[in-house]
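Observations on the three-dimensional arrangement
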Amino acid sequence: MTTEVKNLKGNAATRSKVQQQVVNSLQKRHRQEKLFRGAGVAAVSISILLVVLLFVNIFSKGLPAFWQHAIKLDIYFDPAVVKIAEKPVQQAGESDNEFRQRDLEWRSAVGMINFNRLIVDGLQKVIPDANEHRRDLQRIVTSGERFAIRDLVIKDPSIIGSTQSLFLLTDANIDVWLKGNIDRSLGDAQQQLSPKVREWVESLKAQGVIQNRFSFALFMNPDSRSSLASAGLAGAFMGSLYMMLVVIVLAIPMGVAAAIYLEEFAPKNKLTDLVEVNINNLAAVPSIVFGLLGASIFIGWFNLPMSAPVVGGLVLTLMTLPTVIIATRSTLKAIPPSIRQAALGLGASKSQAVFHHVLPLAIPGILTGSIIGVAQALGESAPLLLIGMKSFVASIPSSAMEQSTALPVQIYLWQGNELRNFFEARTSAAIIVLLALMLSLNSLAIWLRKRYEVRW
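Residues numbered from 1 in each chain as written. Predicted model: local features only at pLDDT ≥ 70, side-chain atom pairs only at ≥ 80, totals over all residues. Heavy atoms only, no water.

Focus: the UniProt feature "domain: ABC transmembrane type-1" (unreviewed entry) in the protein chain
Those residues carrying the UniProt feature "domain: ABC transmembrane type-1" (unreviewed entry) are residues 237–443 in this numbering. Secondary structure content for residues 237–443 is 77% helix and 0% strand, while the C-alpha to C-alpha distance between its ends is 20 Å. (UniProt positions renumbered as here; feature names shortened; annotations may be inferred. Helix = DSSP H or I, 4+ residues; strand = E, 2+ residues; numbered from the N terminus.)

In structure tokens form, the structure reads like this:
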């Protein structure tokens, strides 16, 4: 009995020791799991916090730039100042070239008129002591507004002799002063505006003559260096639009076709393996390398114009192709083999099985990958800098062959402008516009995937 009792006690002690080891092991595993979960939550929280801080910083600086100070003036189109001939009308029997020549000469004559005098006359009506400081008057309205008045005359010459109430953009330094983006405690020698101009604009602001209005100029005007307050994103936006059209027309069809061939029809041999490896490698190549390639081939060999959206589109097409091919192949691989086997079993050819059965199921994934590739190309700037799209272009391109810049490059150019107090907010506003376009494309990709997704 004594031996049996000892054996039972020994077995109990052994079991207790094993149970304790199991409990310790479970506790250790649970601690590790909690630590892993905690690290994951911390990583996600830090990432979200950094993204929130980034967006708060961008939006806090950029949103005020969507509003800009403008002064309301009654502009009298004095016939003694605006002396022009009657606007040309095409005569019977006159060729289009002859009419365009006469119209161009008439527009040139209108452009020679001193429209600044009309603006100064309008300012004298709202500033009592303007006659004593006529030179300071020219600092209130940005210089580009004379062209806006010129365009009104060209559009409708009948306004000559009438008075029009217009909102004209104030100078960039005045906008900075009124928004409080400059240290007002600095001495007069360090201020961009004279004491008299500062006194005028404060008074006009209090009277409601100068108002902070939504800035349509930011979206309707091209970039400008002579009239900083008139600088806008229209030229860069159109340049990006033309480039995206080139990418969509070239990269998506070529990428999808290449992916379908490699995944469904290409024989499995060393050459195919080499092509696949190189496609994967191209997806990891820095974007600036594609810029060097574009500058060498498209500009150096094919003599395409520098700073043209067509060149930028071709460079971005090369950069986007690997992304589209890889995304399309991944989508095709995700289609169950049973779909192909069932189609072939019912007598369909290889092409019919792919294009009638496999491809329709893969369309959501293909669209998603393609749109994300286009969105990625929209935000690229490094390859565009190497093909000359960082040049200053003060016009809106009417075709993909004309010189232009792009939204990312415009952000780069504005960020380096010497008038930091004004263009820092302008740069953040341009970033908001670019982010809005990219988020719209990504949202479109998500919607298309949800809309056309088919369960199997």
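Notes on the packing of helix H3 (residues 115–126) against helix H5 (residues 145–155)
When two helices pack together, their arrangement is given by the angle between their axes and by how far apart the axes lie. Contact geometry of H3 with H5 gives a least axis separation of 9 Å together with a crossing angle of 105°. In terms of orientation, H3 and H5 fall into the roughly perpendicular class. Along its contact with H3, which presents Phe115, Asn116, Leu118 and Ile119, the element H5 presents Glu145, Arg146, Ile149, Arg150 and Val153. In terms of residue class, the contact of H3 with H5 is built from 5 nonpolar, 1 polar and 3 charged. (Axes fitted to C-alpha atoms, helices over the stretch in contact; angles between N-to-C directions. Parallel < 35°, antiparallel > 145°, perpendicular 65-115°, else oblique. Contact = heavy atoms within 4.5 Å. Nonpolar A, V, L, I, M, F, W, Y, C, P; charged D, E, K, R; others polar.)

Examining the UniProt feature "transmembrane region" (unreviewed entry) in the protein chain
Under the UniProt annotation, "transmembrane region" (unreviewed entry) lies at residues 35–59, 241–262, 282–304, 310–332, 353–378 and 429–448. Taken end to end, residues 310–332 is 100% helix and 0% strand, and its first and last C-alpha atoms sit 31 Å apart. Annotated as 100% helix and 0% strand, the span residues 429–448 places its first and last C-alpha atoms 29 Å apart.

Some points on the packing of helix H14 (residues 350–378) against helix H17 (residues 420–452)
At a minimum axis separation of 8 Å, H14 and H17 run at an interaxial angle of 175°. With respect to H17, the element H14 is oriented roughly antiparallel. In this structure, H14 contributes Pro364, Gly365, Leu367, Thr368, Ile371, Ile372, Val374, Ala375 and Leu378 to the contact, and H17 contributes Leu434, Leu437, Met438, Leu441, Asn442, Leu444, Ala445, Leu448, Arg449 and Tyr452. Per-class residue counts for the contact of H14 with H17 are 15 nonpolar, 3 polar and 1 charged.

Considering the domain arrangement of the protein chain
Partitioning the protein chain into structural domains gives domain 1 (2–63), domain 2 (65–222) and domain 3 (234–452). Measuring from the centre of the C-alpha atoms in domain 1 to the corresponding centre in domain 2 gives 69 Å. (Domains from an automatic or database assignment.)

Some words on a nonpolar patch on the surface
Among the surface-exposed residues, Val51, Leu54, Phe55, Phe59, Leu63 and Leu439 lie close enough to one another that they form a single nonpolar patch of about 490 Å² accessible area. By residue number, the principal contributor to the nonpolar patch is helix H1 (residues 2–62), which donates 4 residues. Following the sequence through the fold, leucine 439 ends up in helix H17. A relative accessible area of 47% places leucine 439 in the partly exposed class. (Patch = residues over 30% accessible without salt bridge, like charges linked within 9 Å, V, L, I, M, F, W, Y side chains within 5 Å. Areas by Shrake-Rupley, 256 points an atom, 1.4 Å probe, with all protein chains shown as cover. Salt bridge = Lys/Arg side-chain N within 4 Å of Asp/Glu carboxyl O. Buried < 20%, exposed > 50% of the residue type's maximum accessible area, 1.4 Å probe, protein only.)

Focus: the nonpolar core
Grouped together as the largest cluster of nonpolar side chains are 44 residues, with contacts concentrated most on Met244, Leu316 and Leu384. At the level of elements, helix H6 (172–178), helix H9 (234–265), helix H11 (287–301), helix H12 (309–334), H14, helix H16 (407–415) and H17 are the ones that each hand at least two residues to this core. The element contributing the most residues to this core is H17, with 8 residues. Counting contributing residues per domain, this core is built from domain 2 (65–222) and domain 3 (234–452), each supplying no fewer than three. Beyond its immediate sequence surroundings of up to four residues, leucine 384 is in contact with Met243, Gly312, Leu316, Met389, Lys390, Ala406 and Val409. (Core = buried A, V, L, I, M, F, W, Y, C linked by side-chain atoms within 4.5 Å.)

Focus: the pattern of salt bridges
Tallied over the full model, the rule gives 12 salt bridges. The residue glutamate 264 makes a salt bridge to lysine 350 at a minimum N-O spacing of 4.0 Å. Placement of glutamate 264 in helix H9 and of lysine 350 in helix H14 is noted, with a sequence separation of 86 residues between them. Here the residues in one salt-bridge network are Glu263, Glu276 and Arg329, joined through shared partners.

Topic: the pairing of strand E1 (residues 67–76)
Relative to strand E3 (residues 210–214), E1 is paired through 5 bridges, and the arrangement is antiparallel. When the sheet's bridge partners are listed, histidine 69 is paired in E3 with asparagine 212. Inspection of the sheet shows E1 paired to strand E2 (residues 163–169) by 7 bridges, in the antiparallel sense. Bridged to leucine 73 within E2 is leucine 166. (Pairing = 2+ DSSP bridges.)

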